[in-house]
Amino acid sequence: MKNFVFNTALICLLYFAVAQAQTGSISGTITDAKTNEALTGVNVIVKGTTRGSTTNALGNYLIKKIPIGTFDITFSLIGYISDTLHHVTIRPDSAQTFHIQLIQNPIKAEQVVVTASRREQSLREVPVSVSTISSNKIADHVSVRLDDELRYVPGVNMMSDQVNIRGSSGYSRGVGSRVLILIDGLPYITGDTGEIPWETIPIFQIDRIEVVKGAGSTLYGSSALGGVINIITKEISELPETRVRLFSGLYTKPSYKQWDWSENNRFNSGGFISYSNRVGSFGYLVSISRMVDESYRVNDVYHRWGIYSKLSYQFSEYQSLAFTTNFQWRKHGNYFWWKSLSEATRPADSQLSGEVNSARGNMSLAYKEILSNQFFYSIKAIYFSNFWQDNTSGQVNNTAASHVTQIDAQATYSITPKHTLTGGVVANYDRVFSDIFGNHPGFGAGFYLQDEFAPMQSLRLTAGIRYDWQRVWRELFKSPTATSPSQLNPKVGIVFSPTATTTLRASYGEGYRYPSVSELFTSISTSFSQIRIVENDSLKPERSKSYEIGVSQLLSENFSLDLALFQNDLYDLIEGGVNPNRFVIQFTNVTRARIRGLELGTKIDLFNHSLSTDLSYTYIDPIDLTQNTILKFRPRHLFYASVAAEYKLLHSVIDYRYVSRIEAIDENLVRLAPIVDGDNRVACSVVDMSLSYNLIRIGVPLTVGLTIKNLTNYYYAELIGNLAPPRTYYLSLEGNW
Amino acid sequence: MKQLIIIPICLTLIACDGGLAPPPPKPPVELGFSGTIYYAPGSWPPVDSLVNLMIFASQIYPLDSSLVSTGLFSDPPTIFLYPQIGQSLSFFEDSTSYSFPLKSGTYKYIGVLQQLSSDMLTYGIRVFRVVGFYRDPLIPSQPGSVVVNDTSQIEGININVDFQNPPAQPF
């Protein structure tokens, strides 16, 4: 036995030694075909290996340790037509140079997405609606939290901290997100309240964001009721890279004397610095960020420190390991709602001295191995810790700590070039410790399988199924909740491209959300009278069924159109409300709902790519079938317009978003909280503008930006009793070398 | 370049509605009704059974337990409380003047509610009892109806409270 182990180890060592010796490298510069300017952030991938890189500020890339053999090498950047070098032969110790020119065309560019099917595929092959956001857009908008950025995505609107995809979520008082958020494919939902901790998402390290609309539990499990948002973080570049971004924002003084509470100007400032490099097979990225928002409202100030790191190791050209850590510390004023509309920048008196301190972080490990051109697998694990406590005048009120651990093993097998199987198993273990939610363990496991088949070039069929089992206990493995533990979620999809310019799609998918620990077990006296919030461990999971048909049409080289009709049936929606029979507040399954609508999007590219526009309109008809009324906290109309213009070194973007007035709100929340003047609300109609002077293109690694958010200083409330930010001027400076 | 100028101007004009604004100063007289509560001399109960004291105005009469519960918490409600639930009129007074802000409508049952305990979880609706109500001037045994309009406050809605001899309870 000893000999066997020794021999195996020796063979492995020899294999790695030989494999590492027999490699070659490629390098080069990627430029814009029209302007000849260097392109930053181009993804260069050696297909069939784990080797890849992105270009730096000067457009340079370098990929070492490519195994000997013949490969296709792809070059892609959002907004540009991807290019592929076919059959590149890598010889031992060779160093080849390929200078590539990419053609800008946001209309024709075939985007590659990974979220819809858990593998890389062209957007044209996806049977559901997907929107993508590039890191350049995030920089343009000076977004400091991910939810800032999602406000620009077609069909998406924010209700304070809760994200709605085509009206899926509404507002459920800060608990239980009905949209699943992933970081590099792993769930990022807190273990106690089941919400998305927006402020901890490392926004400065995002390569792109993919927003998949419609139920997505077949591949991703709980919470994907209305959609999935996947954040793909930046890879470590092969060349040493330093990135810095600094910004400072100034809130405009209120137009109304009653709202002007501060003698001083209020600022929102911050930035980050990161450095990445590779030493042999080892790569690393470290980043530190700091943000201070003085806020335009009383007791809404926050201070935040963040540390992010990514380490990677290439065992061979076909095996890679990445270890990511992300920690954030935050102190935040406890502003819930205004005192009244007359004093819309002050919180209710009870919130004047409250603050929340939180420490949140995650560690994740991702191992990927390509066994052949047909078969690869990955094993990913994440540990996510979340601690917060709220204080009033230094006195601790409530605390909660949650720990979520999840493992996800996935394999992808291309039986033939036209037939791909994707499957995997997942398991999670959660613990919650809190004085208001109690101490509860949870455990879950599941498996999924998806089959994609393209019987002909123009036709692609997808079918998948996932089984999940979840349990939450009162005590460790004693007294499980009455919540149904098993969930089975199927999906089917079809994509048909009768011509090179037309793509038809249709899909059906299911979603579910397991109730969060806070919905099951919250037990606390409320500030209003002696009415208690009491637990309800009989909650059923919320469920959804999504249907979509769509057509994507390229009308000319510069004009594309996308139309989607969708329906989302929602079952057993959980809402917190007064139980009149028991005179208590409880979370209960109360609502059966149906959301129908359409989404129309168009991209127009003018003046040889100097001016591009992106328009989208979403109509939502959200019906509460239980009450036969409109669903609460859903807008009917969303209209977003984005106009981007380039003139020499100047780049400008103007974004306009319109979210129609919320027709129905929770009157009990307004009355019992009470939120004085809480029923005062208007449509959201906001213009943002950014100008940047890109010196990188002339060899200076700096971009100077001016961004004006809410240009017209329009006063509105996304959520009842919460005045949104007024006009804010940001100056930003970004360096990349 | 023209488009570069025209498009932002158009977008700016679209968004130039102004949005929310502080409401104009309130009229000196609040709508609703006002009056005085008179407490029977020597009838105040011990302090441990006096958690809160509120005026209620119900658009529905007669009431039972379930109508009270749903009336308080339905959307929109049909039973209104003054002051807000969890707050109280002052105790151990001979009389208290009040002004109850309400939306226009007909209120068929108006009275004073005593909250006996803070343990609502155990007792539910029975933590409350009616200790006096506004009586019909013509048929004093029956509750009087008050029509609140949207132009002026209705005055003179006086209520006699006797904690020792409360009226028949609606729940």
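**Some points on the pairing of strand β9 (residues 100-104) of chain A**
Residues and elements named next belong to chain A. With three bridges joining them, strand β1 (residues 23-32) and β9 adopt parallel strand pairing. Residue T31 lies in a different strand from β9, and its bridge partner there is Q101. Here two bridges tie strand β6 (residues 80-81) to β9, and the two strands are oriented antiparallel to one another. By the bridge assignment, Y80 is partnered in β9 with Q104.

**Topic: the environment of B:E30**
Considering the arrangement of structural elements, one finds B:E30 in the loop between α1 (2-14) and β1 (32-39). When neighbours within four sequence positions are excluded, B:E30 is seen to be in contact with B:S99, B:P101 and B:Q153.

**Focus: the packing of aromatic side chains**
Counted according to the given criterion, the structure contains 35 aromatic pairs over all chains. With 6.1 Å between their ring centres and 90° between their planes, B:F33 and B:Y98 make a pair best called edge-to-face. Of this pair, B:F33 sits in strand β1 while B:Y98 sits in strand β4 (residues 95-101), placing them 65 residues apart in sequence. The exposure class of B:F33 is buried, given its relative accessible area of 0%. Three or more aromatic residues joined by ring pairs form one cluster here, namely B:Y39, B:W44, B:F91, B:F92 and B:F163. The ring of A:F376 carries the charged tip of A:K368 above its face, separated from the ring centre by 5.5 Å. In this arrangement the basic side chain of A:R657 is found over the ring face of A:Y152, its NZ or CZ atom lying 5.8 Å from the centre.

**Side note on the sheet that holds strand β12 (residues 130-134) of chain A**
All names here are of chain A. Within the open sheet, the five strands sit side by side as β12-β17-β18-β15-β16. Their pairing is mixed. This sheet does not close on itself; its edge strands, each paired only once, are β12 and β16 (186-187). Looking at chain direction, strand β15 (residues 180-183) and β16 are connected through two bridges and run antiparallel. Across the sheet, residue I183 finds its bridge partner in β16, namely L186.

**As for the sheet that holds strand β3 (residues 52-54) of chain A**
Sheets are built from strands that pair by backbone hydrogen bonding, the pairs being arranged parallel or antiparallel. All names here are of chain A. Pairing is antiparallel across the open sheet formed by four strands, whose spatial order is β3-β2-β5-β7. Because the sheet does not close on itself, it has two edges, and the strands there are β3 and β7 (83-90). For this sheet the average axis-to-axis angle between neighbouring strands, irrespective of direction, equals 15°. Relative to β3, strand β2 (residues 43-46) runs antiparallel, the two being bridged by three bridges. In the sheet register, V44 faces β3, and the bridge partner there is S53.

**Description of unusual backbone geometry**
Following B:Y61, the chain continues to B:P62 via a peptide bond in cis, the omega torsion being 0°. Position of B:P62 relative to the elements: it lies in the loop between β2 (52-58) and α2 (65-73). The phi dihedral of A:D93 is positive, around 60°, even though this residue is not glycine. In this structure, A:D93 sits in the loop between β7 and β8 (95-97). For A:D93, a relative accessible area of 66% translates into the label exposed. Positive phi outside glycine occurs at A:N299, with the angle close to 55°. You can see A:N299 is positioned in the loop between β21 (282-293) and β22 (302-316). The buried category is assigned to A:N299, whose relative accessible area is 18%.

Reading the values: the criteria
- Numbering of residues begins from 1 in every chain and follows the order in which that chain's sequence is written.
- Written order decides the labels, with chains lettered from A and ligands numbered from 1.
- Where totals are concerned, whole chains, interfaces and linings use all residues; where local detail is concerned, this predicted model gives features only for residues with pLDDT of at least 70, and gives and counts side-chain atom pairs only at 80 or more.
- Computation of side-chain values covers all heavy atoms of the structure but excludes hydrogens and water.
- Two strands are said to pair when DSSP picks up at least two bridges between them.
- Note on conventions: DSSP H or I runs of at least 4 residues are helices, E runs of at least 2 residues are strands, and numbering of each starts at the N terminus.
- Contacts between residues were defined by any pair of non-hydrogen atoms, one from each residue, lying within 4.5 Å.
- Only Phe, Tyr and Trp rings take part, Trp by its six-membered ring, and two of them pair if their centres are within 6.5 Å. Stacked means planes under 30 degrees apart, edge-to-face means over 60, and tilted covers everything else.
- Any residue under 20% of the maximum accessible area for its type is buried, any over 50% is exposed, and the rest in between are partly exposed; the area is computed with a 1.4 Å probe on protein chains only.
- In this scheme, the term charge over a ring applies when either NZ of a lysine or CZ of an arginine sits within 6 Å of the ring centre and within 35 degrees of the ring normal.
- All axes are obtained by fitting lines to C-alpha atoms, using only the stretch in contact for helices, and the reported angles, taken between N-to-C directions, cover 0 to 180 degrees.

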